[in-house]
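Results of the structural survey
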There are 2 protein chains.
Amino acid sequence: MKPTIPKGTRDFLPAQVRKRKYIFDIIESVFKKYGYAPIETPTMESLTTLSGKYGEEGDQLLFKVLNNGDFLAKADQQLLNEKASKKIVSSISKRGLRYDLTVPFARYVVMHQNDIQLPFKRYQIQPVWRADRPQKGRYQEFYQCDVDVVGSNSLMYEAELVNILDEVYTALKINVKIHINNRKILSGIADVAGVQDKFMDMTTSIDKLDKIGEEGVVTELSKRGINRVAADKIMSCLKITQLDELATVFKDSEIGLKGIEELRSFHNYFDTSPNQNEVVFDITLARGLSYYTGCIFEVKAKDAVMGSMSGGGRYDDLTSTFGLKDVSGVGISFGAERIFDVMEELNLFPEETAEDIKLIFVAFDQESHQFAFKAACQLRAADIACDIYPAPLKIKKQMKYVNARKIPYAAIVGSEEAASGKVSLKNMETGDQQSVTISELISQFS
Amino acid sequence: MKPTIPKGTRDFLPAQVRKRKYIFDIIESVFKKYGYAPIETPTMESLTTLSGKYGEEGDQLLFKVLNNGDFLAKADQQLLNEKASKKIVSSISKRGLRYDLTVPFARYVVMHQNDIQLPFKRYQIQPVWRADRPQKGRYQEFYQCDVDVVGSNSLMYEAELVNILDEVYTALKINVKIHINNRKILSGIADVAGVQDKFMDMTTSIDKLDKIGEEGVVTELSKRGINRVAADKIMSCLKITQLDELATVFKDSEIGLKGIEELRSFHNYFDTSPNQNEVVFDITLARGLSYYTGCIFEVKAKDAVMGSMSGGGRYDDLTSTFGLKDVSGVGISFGAERIFDVMEELNLFPEETAEDIKLIFVAFDQESHQFAFKAACQLRAADIACDIYPAPLKIKKQMKYVNARKIPYAAIVGSEEAASGKVSLKNMETGDQQSVTISELISQFS
């Protein structure tokens, strides 16, 4: 039997794990610096928690876990006869795999409202699962890194989150452009164009601007029943880059003006911060079919062709579906897989992520091997990471292993060295060799 | 709708996540120091990989994931009519959740044999899932921390792993006793008692010694068809504590003598190491229904009532089920949940795991709040973790929040402070307050 893993899932080799950890560590350290606290939620959630939260397509993409034991016992025979897969699901499966980190977070806030303090600032770095058709760069299991605050409508948090975006990408050395808009401004545009009843159609169309261009959006709007006059108004609004100009256009749209006010409050905080990446007001930013109600964010790499690497925004009513009303929240999500791909493309991973150890012992004979093992113990006791080849085989074979693992130094021990308490330290790159004592070895690698 | 999570699963609050991370970080840092490399495998494995690897009971405890789409389409109608849950599974589910880290590792070694170097030293810290009946201390989702080396039969690795056990528990400040035995010695006992054909019955019975005592084991042996004479021989062997004495008893058992030789080789390496915890030869250690073939290990806490916290051993033929023969391996596993429980019981977590930030800004009015936000930005730019209350509400309300989050210092800003570029730094424990500049704040918290 030749082993395989399910389509769309991945094994990670050590070098990949180290690189991924490098990304997660940077993201996590920034989250912590801004006072966000870590939480974790279970891999499996009740299907009652997940179903209906991600639209019909999302429901199709949920991985459902079969009930244990005699799962067919209570299934309806009629539905089984009809092979009614969709209708039978709820009777044979009551758990599903986490689809994102937002819905579990909303559930968490409601369940633990007595254990947490509002405003509650949390981060969560965990995998999610979606039964999407696997393709290049799209996996069925992938990590999300989310940071959200709930229980406050202060625009200060929007500024803080943009600072976080900036700081993370600066630390990762990825040049990005941070796009900002506000769903209330899009709502103002819908007011101006008289298509408030088709708000989602409008935002979904605008969301495609990058991919299909202006003409494409106009066609899309028309397809969705928005007439040419309205479409033209929408398109002319999308050309505005100044809030003052927009305020004139929005003079009769209360919600549009509120959106401008929110962006200005954001800027009052934000202007003061030491950002390194470009932050732009982008009226065309729409964030498609999302539940956002206020500011929205999106991050794009400047030096690589890649979709949005981070996105987020404010949602006024995240937890009401679980019975807790009036809890406003705002958050952003980092797409670890896309960040990884961009960093590989731009060669941004530091050398040090390649191997944890710098030194390995190799020995000529059994006695030297015992000496070398003892030396390795001494180094480890001094907190120096090192390794030792497991047996005194032919040196050539051992050296081949050292090279294959790309370990930079080998400490070679023969009977002469062992007798004098020394090792012959070989620089694997230059080939230089020198005789050193164990204490010299310890000082050199400390 | 009142939200819930599935039985046997858990949400983790920030303090719990931090404590768990404290454990994982220590374990991981020791693994790295000994030259082990991290790998990760997917949450879902093909059921063909998992099934039949954990015995019949294990197969029952596997979580199976329903195929996506019209999963009933190809199911046998006859089996559906019979509601034959067990027989229908393979046609409606082809993936299962990871049940342990050992089988996926064996699969990984075979699939990636061209990408890795033998001996391959790997560690893996990931959750596993088992549909066990939930009870105190037993969950359906829990973490394992495994460290294994495959591709070498050097007894040096047994010594190295005992060093790792010792170093991890020393770092965690848990006093433990490390028990060591060898399955070949148990096999020697089976030779001496003439019950080699009932080896698994014998080891499974011995494994219960702790729980049911000597008489219980004798009864258990008899139930399993081992006669009184043989049982007496077994029990008298189990009283032997010296390898020399055992060698006399084993004089006609080749495998028993081999077991003694292996333990002696282990000691040749091991004697040289700087261990802090007690390491004992324990002939009664059996490791039940496991696949081990050589040395076996188990770790018990000395100051807390808790079963085995770590266990492991050598297995001669891990990967052959996936088509790769003659790859010997040895490894140990740390039970994160039990370690957590023992550390809670003995109060071993350091204070610092409680909160990531030491300082929060609170402001009297809007202008001071802007000043405070700017100050927070400056501190964060100087790599100091801090927070700020989101709005200039009543100070009493803000201070209540600071206390609830147990943040040790509050930097209070009013119009006077803001005007002079200072804050009033309050020690939340003592109540002491002093006026300091932002740069003084930066030096104090750096």
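None of these values were measured; they are calculated from a predicted model.

Time to look at the overall build of chain A. Within chain A one finds 18 helices and 16 strands. The C-alpha atoms of chain A give 29 Å as radius of gyration, which overshoots the globular expectation for 446 residues (22 Å, by more than 25%). The C-alpha extent of chain A, read off along each of the three principal axes, is 90 × 65 × 45 Å. When the 446 residues of chain A are sorted by exposure, 57% land in the buried category. Considering only residue pairs separated by 6 or more positions, chain A has 69% of its internal contacts joining residues 24 or more positions apart. Roughly 19,000 Å² of accessible area belongs to chain A as shown, and the carbon and sulfur atoms make up 48% of that amount.

It is worth spelling out the nonpolar core at this point. One finds A:Phe361, B:Ile174, B:Met202, B:Ile234 and B:Phe334 to be the most contacted residues of the largest nonpolar core, which totals 141 residues. With 10 residues, helix H7 (residues 156-172) of chain B is the largest single contributor of residues to this core. Not counting the four nearest positions on each side in its chain, B:Ile234 is found in contact with B:Ile189, B:Ala193, B:Val195, B:Met202, B:Ile206, B:Leu221 and B:Ile226.

This part takes up helix H15 (residues 366-381) of chain B. Residues and elements named next belong to chain B. Taking 1.5 Å as the rise per residue, H15 with 16 residues should run 22 Å; its terminal C-alpha atoms sit 23 Å apart, in good agreement. Buried within H15 are the following residues: Ser368, His369, Gln370, Phe371, Ala372, Phe373, Ala375, Ala376, Cys377, Leu379 and Arg380. N-capping of H15 is provided by Asp365, with a side-chain oxygen placed 3.2 Å from the backbone N of Glu367. The first or second residue beyond H15 is Asp383, which carries a positive phi of 70°.

To continue, consider the sheet that holds strand E13 (residues 387-388) of chain B. All names here are of chain B. Pairing within the open sheet is mixed, and its five strands lie in the order E13-E12-E14-E15-E16. Strands at the two margins of the open sheet, each flanked by one partner only, are E13 and strand E16 (433-437). Bridging between strand E14 (residues 409-413) and strand E15 (residues 422-427) involves four bridges; their strand directions are antiparallel. Bridge pairing in E15 places Ala410 opposite Lys426.

The next point concerns the domain arrangement of chain A. According to the domain assignment, chain A consists of domain 1 (14-41 + 100-345) and domain 2 (356-445). Here the C-alpha centroids of domain 1 of chain A and domain 2 of chain A sit 52 Å apart.

Let's shift gears to the interface of chain B and chain A. With 109 residues of chain B in contact, the opposing surface of chain A contributes 109 residues. Across the interface of chain B and chain A, roughly 9,100 Å² is buried in total on both sides, 60% from carbon and sulfur atoms. Viewed at the interface, chain A and chain B are joined by 10 salt bridges. B:Arg107 is the salt-bridge partner of A:Asp11, the closest N and O atoms lying 2.8 Å from each other.

The next subject is the pattern of salt bridges. Enumeration over the complete set of coordinates arrives at 58 salt bridges over all chains. The shortest N-O distance in the salt bridge between A:Glu45 and A:Arg107 comes to 2.7 Å. You can see A:Glu45 sitting in strand E2 (residues 44-46) and its partner A:Arg107 sitting in helix H6 (residues 102-111), a full 62 residues away along the chain. Residue A:Glu45 is classed as buried on the basis of its relative accessible area of 0%. With its nearest N and O atoms 2.9 Å apart, the salt bridge here joins B:Arg224 to B:Glu220. Taking the relative accessible area as the measure of exposure, B:Arg224 reaches 25% and is therefore partly exposed. In this structure, a network of salt bridges that share partners links the residues A:Lys121, A:Glu160, B:Arg380, B:Asp387 and B:Arg405.

This part covers the state of the cysteines. With the rule as written, the count across this model stands at zero disulfides over all chains. Among the cysteines around A:Cys386, which has no disulfide bond, A:Cys377 carries the closest sulfur, lying 8.4 Å off.

Mapping chain B onto chain A leaves a residual RMSD of 0.0 Å; the transformation is a rotation of 180° accompanied by 0.0 Å of translation along its axis. This pairing of chains is accounted for by a two-fold axis. Residue B:Val65, judged by its C-alpha, is the member of chain B lying nearest the rotation axis, at 2.2 Å. A shared interface surface links the copies, since 100% of the contact residues of chain B are contact residues in chain A too.

For the rest of this paragraph, the subject is unusual backbone geometry. Cis geometry is adopted by the peptide bond preceding A:Pro119, which originates at A:Leu118 and carries an omega value of -5°. Despite not being glycine, A:Lys173 has its phi angle at roughly 65°, a positive value. Summarising the element assignment, A:Lys173 is placed in the loop between helix H7 (156-172) and strand E7 (176-182). Positive phi values are uncommon outside glycine, yet B:Lys406 reaches one of about 55°. Assessed through its relative accessible area of 69%, B:Lys406 is described here as exposed.

Tallied over the full model, the rule gives one cavity of 30 Å³ or more. In this structure, the largest cavity encloses a volume near 1,100 Å³. Lining of the largest cavity is provided by 47 residues; of these, A:Glu40, A:Ile125, A:Tyr143, B:Ile125 and B:Tyr143 occupy positions nearest its centre. If you list the elements that add at least two residues to the lining of the largest cavity, you get helix H1 (14-33), strand E5 (120-129) and strand E6 (141-150) of chain A together with helix H1 (14-33), strand E5 (120-129) and strand E6 (141-150) of chain B. In terms of residue class, the lining of the largest cavity is made up of 22 nonpolar, nine polar and 16 charged.

Another point: the sheet that holds strand E13 (residues 387-388) of chain A. All names here are of chain A. Taking strand neighbours across the sheet as the criterion, the five strands line up as E13-E12-E14-E15-E16 in an open arrangement whose pairing is mixed. Strand pairing shows two members of the sheet lacking a second neighbour, E13 and strand E16 (433-437), which therefore form its edges. Against the sheet, helix H16 (residues 395-404) makes contact with strand E12 (359-363), strand E14 (409-413) and strand E15 (422-427), and its axis sits at roughly 170° relative to E12, the strand it touches most. Lying over the sheet, helix H18 (residues 438-445) contacts E12, E14, E15 and E16, oriented at roughly 105° with respect to E16.

Parameters and conventions
- Residues numbered from 1 in each chain as written.
- Chains lettered and ligands numbered in written order.
- Predicted model: local features only at pLDDT ≥ 70, side-chain atom pairs only at ≥ 80, totals over all residues.
- Heavy atoms only, no water.
- Helix = DSSP H or I, 4+ residues; strand = E, 2+ residues; numbered from the N terminus.
- Rg over C-alpha atoms; globule rule 2.2 N^0.38 Å.
- Buried < 20%, exposed > 50% of the residue type's maximum accessible area, 1.4 Å probe, protein only.
- Contact = heavy atoms within 4.5 Å.
- Areas by Shrake-Rupley, 256 points an atom, 1.4 Å probe, with all protein chains shown as cover.
- Core = buried A, V, L, I, M, F, W, Y, C linked by side-chain atoms within 4.5 Å.
- Expected span 1.5 Å × (residues − 1).
- Polar contact = N/O pair within 3.5 Å; in protein donor to acceptor, adjacent residues only side chain to side chain.
- Pairing = 2+ DSSP bridges.
- Domains from an automatic or database assignment.
- Buried area = accessible area lost by both parts, 1.4 Å probe.
- Salt bridge = Lys/Arg side-chain N within 4 Å of Asp/Glu carboxyl O.
- Disulfide = S-S within 2.5 Å.
- Least-squares fit on C-alpha atoms with pLDDT ≥ 70 in both.
- 1 Å grid on protein atoms, 1.4 Å probe; cavity = no way out; pocket = protein on both sides within 12 Å on 5 of 7 lines; lining within 4 Å.
- Points joined across faces, edges and corners; volume = space filled by probe spheres on them.
- Nonpolar A, V, L, I, M, F, W, Y, C, P; charged D, E, K, R; others polar.
- Axes fitted to C-alpha atoms, helices over the stretch in contact; angles between N-to-C directions.

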